[in-house]
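# Summary of the model geometry
Listed below are the residues making up each chain.
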Amino acid sequence: MIKKTAGPYLLLANIGQLLTLRGDTGPRRGPALNDIGLIEGAAVLCGAGKIIAAGRQRDILRHAWVKSNKSKLKELDCRGKVVLPGLIDCHTHPAFMKPRLVDFEKRIAGATYEEIAAAGGGIRSSLAGVRDAKRNALAEKVLTGFNAMLRHGTSTIEAKSGYGLSTESEIKSLEAIREAARHWPGTVKPTLLAGHVVPPEFKENPEGYVDLVCEEIIPLVARRRLAEYVDVFCERGAFTLEQSERMMAAARAHGMDTRAHVCQFTPSSLHGLLKHSPASFDHMDCVADHDLAELAGSNTVSVLLPGANYFLGHKEYPNARRLIEAGLAVALATDYNPGTSPTPSMPFVISPACTHMKMTPAEAIAASTANAAAALRLQRSKGTIEAGKDADLAIIDVDDFREIAYWFSWNRCAEMVVAGERQDFTADLRG
Ligand SMILES: [Zn+2]
């Protein structure tokens, strides 16, 4: 268990820049994405896991609650650093056993993602490790990923299965995610991704696999409440639009919400998928013009994953400016996974979002907090620093918030407060 190093009442004092992200509870679109609610010389008061007040320090110190509870209050001196909402990684694949080093070298030698997949590499090459693993061993791997994310400022994670692709091993993956989540202080939203690719034993009968997902895996996962979302990989070489829609419809029929990997390598028409009210469409590298207006009018958040473009060595990145200017709600995530984006770091993702996708540092931070919360439908409890929200805060050892985007691959996260409690960064399943 993560050690708890402070009592339930905590005052974060002497904050140089506080990024509150305060404002409406929907995802931010257009110019509003730049509004991070910056307050200089700030303090945040936390109690019982929630934010009681946040604002200028002189106002917070005059707060009636501070005066009447002074003896219970512990103080965390932030020494002029930047404090922002705990980052929200709304797209991760942590349930895998090993890095994919053969694929890595093949890609360096010039093979493409699709060539590697066709040769039995890619997602399918992670199957054996997960299918053979004991649940506890898989849970250890998941927790290792979660802890690395926490050290980089992340306090809420969406976590997918998807490297088992059989009833038994998808259930085992979700159980491993649940076990890891029990030993982690932050919030984990589990997602069933049985619709990742067609497993080899169904190579000649992909419809048979979709039947298995719809008629057996989704009902079982729903009954056991092992996941909140069903995700599908709608892409050439994975699942067709019709197959993706079938899995999303089955999810909705069993009371689960949906999300989808779409438009990563090839464009898909998104109108049919939108009927299933997905919480997010993820990747979105090549969205067709004719889908933009409908997307802008929907509550579906577009989650951009530049870590994958970086690691695959792509010259092109998702066109964030086009999507923001069209009024889409844009979020960022790591896509933490062994094949295309082995990074636990949201600050690393914020770097190419700025340098390659031309988002401003403020936009990239809003996309990693308030809008990432909306991508997980958590905007009422997370993603901003306002009274009543969960007290999940990242303390970053910089003077100016723009440095979070500027110092790439240099982890400046100094400390995390999760549910109002200071965290130390050592944990494992045994503790
Ligand atoms: Zn993914």
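About the cut-offs
Residues numbered from 1 in each chain as written. Predicted model: local features only at pLDDT ≥ 70, side-chain atom pairs only at ≥ 80, totals over all residues. Heavy atoms only, no water. Pairing = 2+ DSSP bridges. Helix = DSSP H or I, 4+ residues; strand = E, 2+ residues; numbered from the N terminus. Axes fitted to C-alpha atoms, helices over the stretch in contact; angles between N-to-C directions. Contact = heavy atoms within 4.5 Å. Donors = N, O, S within 2.8 Å, 3.2 Å for Na, K, Ca; no water. Buried < 20%, exposed > 50% of the residue type's maximum accessible area, 1.4 Å probe, protein only. 1 Å grid on protein atoms, 1.4 Å probe; cavity = no way out; pocket = protein on both sides within 12 Å on 5 of 7 lines; lining within 4 Å. Points joined across faces, edges and corners; volume = space filled by probe spheres on them. Nonpolar A, V, L, I, M, F, W, Y, C, P; charged D, E, K, R; others polar. Core = buried A, V, L, I, M, F, W, Y, C linked by side-chain atoms within 4.5 Å. Salt bridge = Lys/Arg side-chain N within 4 Å of Asp/Glu carboxyl O. Parallel < 35°, antiparallel > 145°, perpendicular 65-115°, else oblique. Phe/Tyr/Trp six-rings, centres within 6.5 Å; stacked < 30°, edge-to-face > 60°. Lys NZ or Arg CZ within 6 Å of the ring centre and 35° of its normal.

The next point concerns the sheet that holds strand 8 (residues 187-195). What the 8 strands build is an open sheet, ordered 6-7-8-9-10-11-12-13; its pairing is parallel. The open sheet is flanked by strand 6 (87-92) and strand 13 (330-332), the only strands paired with a single partner. Adjacent strand axes in the sheet meet at a mean angle of 25° when their direction is disregarded. Inspection of the sheet shows strand 7 (residues 154-160) paired to strand 8 by 5 bridges, in the parallel sense. The residue of strand 8 that forms the bridge with Ala159 is Pro190. Where helix 9 (residues 241-253) meets the sheet, it contacts strand 8, strand 9 (229-233) and strand 10 (257-262), and its direction lies at approximately 160° from that of strand 10. Of the strands in this sheet, strand 6, strand 7 and strand 13 touch helix 14 (residues 346-355), which is tilted by about 85° from strand 6.

Ideal geometry at a metal centre: 109.5 degrees between donors when four sit tetrahedrally, and 90 or 180 degrees when six sit octahedrally. In the first shell of the zinc ion, the protein supplies His91 (NE2), His93 (NE2), His261 (NE2) and Asp335 (OD), at 2.0 to 2.5 Å from the metal. Read in sequence order, the donor residues coordinating the zinc ion give the pattern H-x1-H-x167-H-x73-D. Here His91 is found in strand 6, whereas its partner His261 is found in strand 10, with 170 residues between them in sequence. Each member of the pair, His91 as well as His261, carries the same accessibility label: buried.

Bringing empty space enclosed by the protein into the picture now. The tally for this structure, following the rule as stated, stands at 4 cavities of 30 Å³ or more. Within this model, the largest cavity holds a volume of roughly 120 Å³. Tallied by class, the residues present in the lining of the largest cavity amount to 4 nonpolar, 8 polar and 2 charged.

So, about the nonpolar core. Formed by 99 residues in total, the largest nonpolar core has its most connected members in Phe146, Leu332 and Met359. Ranked by the residues each element gives to this core, the list is headed by helix 8 (residues 206-223), at 8 residues. Apart from residues lying up to four places away in sequence, Met359 is in contact with Leu33, Ala320, Arg321, Ile324, Val330, Leu332, Ala353, Cys354, Ala364 and Ala367. In terms of nonpolar packing, the next biggest core, distinct from the first, is built from 17 residues, Val44, Ala391, Leu393 and Val417 among them.

Unlike most non-glycine residues, Ala48 shows phi in positive territory, near 50°. Residues other than glycine seldom take positive phi values, yet Ser409 does so here, at roughly 55°. Structurally, Ser409 is set in the loop between helix 17 (403-406) and strand 15 (413-418).

Topologically, Leu323 is positioned in helix 13 (residues 320-325). Expressed as a C-alpha distance, the spacing of Leu323 and Leu292, which sit 31 residues apart in the sequence, is 7.6 Å.

Within strand 6, 6 of the 6 residues are buried, which leaves it mostly tucked inside the rest of the structure. Looking at chain direction, strand 6 and strand 7 are connected through 4 bridges and run parallel. Each residue of the ladder has a partner; that of Leu87, found in strand 7, is Thr154.

So, on to the layout of surface pockets. Approximately 320 Å³ is the volume found for the largest pocket. Contributing to the lining of the largest pocket are 18 residues, with Glu114, Ala117, Ala118, Arg124 and Gly237 lying nearest its centre. Per-element accounting of the lining of the largest pocket gives the leading share, 4 residues, to helix 4 (residues 113-118). Across the lining of the largest pocket, the residue classes break down as 11 nonpolar, 2 polar and 5 charged.

This paragraph deals with the pattern of salt bridges. Counting across every chain of the model gives 24 salt bridges. In this structure, the salt-bridge partner of Glu228 is Lys189, at a minimum N-O distance of 3.1 Å. Of the two residues, Glu228 sits in the loop between helix 8 and strand 9 while Lys189 sits in strand 8, which places them 39 residues apart along the sequence. Given a relative accessible area of 36%, Glu228 falls into the partly exposed group. Using a relative accessible area of 14% as the deciding quantity, one classes Lys189 as buried. Between Arg246 and Glu207 there is a salt bridge, and its shortest N-O distance comes to 3.0 Å.

The next subject is the packing of helix 8 against helix 9. It is the contact of helix 8 with helix 9, at a shortest axis distance of 9 Å, that shows an interaxial angle of 10°. It follows from the interaxial angle that helix 8 and helix 9 lie roughly parallel. Seen from helix 8, the contacting residues are Pro206, Glu207, Val210, Asp211, Val213, Cys214, Glu215 and Ile218; seen from helix 9, they are Gln243, Arg246, Met247, Ala250 and Ala251. Residues that form the contact of helix 8 with helix 9 fall into these classes: 8 nonpolar, 1 polar and 4 charged.

Turning our attention to the packing of aromatic side chains. Each aromatic ring pair is described using two quantities: the centre-to-centre distance and the angle formed by the ring planes. This model, assessed by the stated rule, comprises 11 aromatic pairs. When the ring of Tyr9 is compared with that of Trp65, the centres are 5.1 Å apart and the planes differ by 40°; the resulting orientation is tilted. Linking Tyr9 in strand 1 (residues 9-19) with Trp65 in helix 2 (residues 64-68), this pair joins segments that are 56 residues apart in sequence. Overall, the relative accessible area of 22% leaves Tyr9 in the partly exposed class. Ring centres 5.2 Å apart and planes at 70° place the aromatic pair Tyr310 and Phe348 in the edge-to-face group. Of the two residues, Tyr310 sits in helix 12 (residues 306-311) while Phe348 sits in helix 14, which places them 38 residues apart along the sequence. A relative accessible area of 14% means that Phe348 is categorised as buried. Cluster of aromatic residues (ring-pair linked, three or more members): Phe96, Tyr163 and Tyr336. Arg412 extends its terminal NZ or CZ atom over the ring of Trp410, reaching a point 4.0 Å from the ring centre.

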